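Tertiary structure, described
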Amino acid sequence: MLVERLGSPDVMELRDLPLPEPGPGQIRVKVEAVGINFADVLAVAGEYLTRTRVPYTPGMEFAGIVDALGEGVSGVQPGVRVACLGGTGALAEYAVVPAAGLIPVPESFSAAQAAAFPVSYFTAYHGLKTLGAAQPGQWVLVQAAAGALGTASIQLAKAMDLNVIAMASTEEKLELARNLGADVTLLQDDPDRVQKVMEASGGRGVPLVLEVVGGKRFQESLKMTAPRGRVIVIGNASREPAHLQPGELMKRNLTVTGLWLTSLMSDQEATREAAQELTRLVGSGRVTPQVGPTYALADSARAFQDLMDRKTTGKVIIEP
Ligand code: NDP
């Protein structure tokens, strides 16, 4: 899929391009499944945190079979399945990634599960633990709980013995959150939502919020946070501006922390710790990526649009 000008998902065009050659330190992978993130849609629209340079092929996380090794690559064999986290280029039959972009996943994962893993699970881990410093028995509020990051966050939170309040826009989505172990579920537009979060968390509010909606909801997240609690700002799905009054943080000793996986991945210590802990949790059988709707490569625009239209649950997958 090639993007030559930025805009709505239908700017993506299916094209025949030459087979990419892996340069030094790179690996060519035959793509089996691509995980689609909110960030991919924002990047095509030209609304992401970093500037999107065209022409380019979208797709940052995927699973596939190692096809060819560039100069100096060792420790990986052609023919094995790998999960990859790269910048762009996955919406294709073949993609080239730096060897450092390989993410260990268990052999028991299907290609779609492996493609659903890197972004959501590393982000959820860093939100809950690295930045959230969650402790067993604490409450955490998970927004967009039936989405890719939301389902990963519920699973990891439960595996860490946290109590989860899940919010989402429909009853069907809340049902999925409950099936994954959410202790309390609330409709995002429940008129009594703030009060209900306070009640569920013993009147104090929650010590940890994973904030992904932004806009007016950001103010509300602060209200739902317990004194000395933390709001981890991970996304702005509403695409509306949010306002922060420093005085409100002072009064209740709140902490607001931003999280961007791309910059955290370059912290080798944090990445190693997250990978070790995620490998342990996956091995214990308590964490299985939620594969959502699956689309053919030619239907990429529809996949992107459905994600934006809040029609999907779990990780949207595209199979070339
Ligand atoms: P999801 O699968 O969660 O899909 C997005 C969900 O956002 C929707 O299903 C919807 O759930 C919710 N949403 C709330 N308000 C809106 C709105 N106005 N328009 C569209 N959707 C809305 O996607 P991802 O897991 O890829 O991403 C979830 C969020 O986390 C995004 O904000 C994304 O940018 C962020 N993120 C950030 C990362 C980082 O490094 N900072 C890494 C990964 C994700 P519902 O219908 O229940 O409201």
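Here we summarise the structure given alongside this text. (Residues numbered from 1 in each chain as written. Predicted model: local features only at pLDDT ≥ 70, side-chain atom pairs only at ≥ 80, totals over all residues. Heavy atoms only, no water.)

**Quick notes on the layout of surface pockets**
Reported here for the second largest pocket is a volume of approximately 470 Å³. Around the second largest pocket, the lining is made up of 19 residues, and of these Leu17, Pro20, Ala92, Glu93 and Tyr94 lie nearest the centre. In the lining of the second largest pocket, the residues fall into 13 nonpolar, three polar and three charged. (1 Å grid on protein atoms, 1.4 Å probe; cavity = no way out; pocket = protein on both sides within 12 Å on 5 of 7 lines; lining within 4 Å. Points joined across faces, edges and corners; volume = space filled by probe spheres on them. Nonpolar A, V, L, I, M, F, W, Y, C, P; charged D, E, K, R; others polar.)

**A closer look at helix H4 (residues 148-159)**
In a regular helix each residue adds 1.5 Å, so 12 residues correspond to 16 Å; H4 covers 17 Å between its end C-alpha atoms and thus fits that length. A large share of H4 lies buried, amounting to 10 of its 12 residues. Of the positions making up H4, those classed as buried are Ala148, Gly150, Thr151, Ala152, Ser153, Ile154, Gln155, Leu156, Ala157 and Ala159. Taken from the residues just after H4, aspartate 161 is the one with a positive phi, measuring 60°. (Helix = DSSP H or I, 4+ residues; strand = E, 2+ residues; numbered from the N terminus. Expected span 1.5 Å × (residues − 1). Buried < 20%, exposed > 50% of the residue type's maximum accessible area, 1.4 Å probe, protein only.)

**A closer look at the site of the ligand**
Within the structure, the ligand sits among 26 residues, and Ser169, Lys173, Leu259, Leu261 and Arg310 are positioned closest to it. In the environment of the ligand, an oxygen atom lies 2.9 Å from a nitrogen or oxygen atom belonging to the backbone of alanine 148. Between leucine 259 and the ligand, the recorded distance is 2.7 Å, taken from a backbone N or O atom to a nitrogen atom. Isolated, the ligand exposes 890 Å² of accessible area, and the fraction of that covered by the protein chains is 91%. When the residues that make up the shell around the ligand are grouped by side-chain class, the tally is 15 nonpolar, nine polar and two charged. The two domains that each donate at least three residues to the shell around the ligand are domain 1 (9-117 + 289-319) and domain 2 (120-263). (Near = heavy atom within 4 Å. Polar contact = N/O pair within 3.5 Å; in protein donor to acceptor, adjacent residues only side chain to side chain. Areas by Shrake-Rupley, 256 points an atom, 1.4 Å probe, with all protein chains shown as cover. Domains from an automatic or database assignment.)

**Notes on unusual backbone geometry**
Of note, the amide linkage connecting valine 54 to proline 55 takes the cis form, showing an omega dihedral of -5°. Along the polypeptide, proline 55 turns up in the loop between helix H1 (38-45) and strand S2 (61-69). We note that alanine 144 has phi near 45°; this positive angle belongs to a residue other than glycine.

**Details of the sheet that holds strand S9 (residues 206-211)**
Spatially, S8-S7-S6-S9-S10-S11 is the arrangement adopted by the six strands of the open sheet, whose pairing is parallel. Looking at which strands have only one partner, the edges of the open sheet turn out to be strand S8 (184-187) and strand S11 (255-258). Along the sheet, successive strands turn relative to each other by an average axial angle of 15°, direction set aside. As judged from the four bridges shared by strand S6 (residues 139-142) and strand S7 (residues 163-168), these two strands associate in the parallel manner. The residue of S7 that forms the bridge with valine 142 is alanine 166. Along the sheet face, helix H7 (residues 216-224) touches S6, S7, S9, strand S10 (225-233) and S11 and points at about 145° away from the line of S10. (Pairing = 2+ DSSP bridges. Axes fitted to C-alpha atoms, helices over the stretch in contact; angles between N-to-C directions. Contact = heavy atoms within 4.5 Å.)

**Brief notes about the nonpolar core**
Most often, soluble globular proteins keep nonpolar side chains buried together rather than apart. Phe117, Phe122, Leu128, Val140, Ile154, Leu156 and Val164 are the most contacted members of the largest nonpolar core, which has 54 residues in total. Per element, the largest residue contribution to this core is six residues, and it comes from helix H3 (residues 118-130). A domain split of this core shows at least three residues from each of domain 1 (9-117 + 289-319) and domain 2 (120-263). In this structure phenylalanine 117 touches Glu61, Ile103, Pro104, Val105, Phe109, Phe122, Leu278, Val282 and Pro289, once residues within four positions along its chain are discounted. (Core = buried A, V, L, I, M, F, W, Y, C linked by side-chain atoms within 4.5 Å.)

**Examining the pattern of salt bridges**
Within the structure shown, the criterion is met by 19 salt bridges. Linking aspartate 189 and arginine 217 is a salt bridge whose minimum nitrogen-to-oxygen distance equals 2.6 Å. Here aspartate 189, found in the loop between S8 and helix H6 (193-200), pairs with arginine 217, found in helix H7; they are 28 residues apart in sequence, far enough to count as distant. Note on arginine 217: relative accessible area 16%, which makes it buried. (Salt bridge = Lys/Arg side-chain N within 4 Å of Asp/Glu carboxyl O.)

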